[in-house]
Amino acid sequence: MEIKKAKNQKQKLQRVNGILAAAEALFVESGDELPSAIQIANKAEVAKGTLYIYFRTKEAIFLALLEKHLQNWIISFETATRKYETITVDDICTYLTQYWVETPQFGQLCRISDSLLESRVEEKVYIGFQNKTVNGLKRMVPALKELNPDVDSKQWLSLLQRSYQLLTLAWVESHPKFQIAMTETPNFEKLSNELLSPFWQELVQYRKHVPKQKSGWRKLLGN
């Protein structure tokens, strides 16, 4: 059992990362179930009291883990969109879903974020999570503005937020907790593309309405 106290910022960060890594390993093993704080502490080789120094609840640990995956998803999307000079809506849908496919625990955390995580942490922790999520999504906007200069930053940000919600919905639909007999489970990538494409197509093709200049006669007639 770890008993040494972290003395500097680097050691504290290592301790936090160790706790998150332990929590994730246990979560992957158990599927959807959140392990207990004592299980996480044992896995991370720290005292339970030490764990609570960094996280007030086990839900706060998994919200921090979700935040980490959200940032990795954003980086993954940014990297993919900047790799090629021209990209299509199908490319965008692929880039948005790629990290979810490669890192299934991200989708599992998104599934429980609203019901089990966000609702069971302190308001300060919740607000911090929401702010970091929005700021992360804002980082994705510059990579998209080249697709259509008529679309402003707020529209792109709104679409990214909607895409995150739709991907979470697609994950829940394609990864049911209980398989119902005679019911076909949809493919996550296919369902995601079906949900995302119409919204992305609409914005990529969007054009601002520019009023026509009035002719001299129209100005004189007041039309």
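Quick caveat, the model's predicted, so the values are computed rather than measured.

## Here we look at unusual backbone geometry
Logical step 1: Even without being glycine, Glu45 reaches a positive phi, approximately 60 degrees.
Logical step 2: Within the secondary structure layout, Glu45 lies in the loop between helix H2 (37-44) and helix H3 (48-54).
Logical step 3: Classification of Glu45 as exposed rests on a relative accessible area of 56%.

## Focus: the nonpolar core
Logical step 1: Membership of the largest hydrophobic core comes to 58 residues, with the highest contact counts inside it found for Phe62, Trp73 and Trp200.
Logical step 2: Of all the elements in the fold, those that place two or more residues in this core are helix H1 (9-30), H2, helix H4 (58-81), helix H5 (89-102), helix H6 (104-117), helix H7 (123-145), helix H8 (153-174) and helix H9 (188-204).
Logical step 3: No other element matches the 11 residues that H4 contributes to this core.

## Comments concerning the packing of aromatic side chains
Logical step 1: This model, assessed by the stated rule, comprises 11 aromatic pairs.
Logical step 2: When the ring of Trp100 is compared with that of Phe106, the centres are 4.5 Å apart and the planes differ by 50 degrees; the resulting orientation is tilted.
Logical step 3: Since its relative accessible area comes to 0%, Trp100 is described here as buried.
Logical step 4: Ring pairing ties together the aromatic residues Trp73, Tyr99, Trp100, Phe106, Tyr164, Trp171 and Phe188, which thus form one cluster.

Scoring rules and cut-offs
Starting afresh in each chain, residues are numbered from 1 along the sequence in its written order. At least 70 in pLDDT is required for a residue's local features to be given in this predicted model, at least 80 for side-chain atom pairs to be given and counted, and no such filter applies to totals for whole chains, interfaces and linings, which use all residues. The side-chain numbers reported here are obtained from all heavy atoms of the structure, hydrogens and water having been left aside. The way it works is that DSSP assigns letters per residue, a run of H or I at least four long becomes a helix, a run of E at least two long becomes a strand, and they are numbered from the N terminus. Burial classes follow relative accessibility: with a 1.4 Å probe on protein chains only, a residue under 20% of its type's maximum area counts as buried, one over 50% as exposed, and anything between as partly exposed. Side-chain atoms within 4.5 Å link the members of a nonpolar core, which is a set of buried Ala, Val, Leu, Ile, Met, Phe, Trp, Tyr and Cys residues. Side-chain rings of Phe, Tyr and Trp (the six-membered ring for Trp) are treated as a pair once their centres are within 6.5 Å; stacked means planes under 30 degrees apart, edge-to-face means over 60, and tilted covers the remaining angles.

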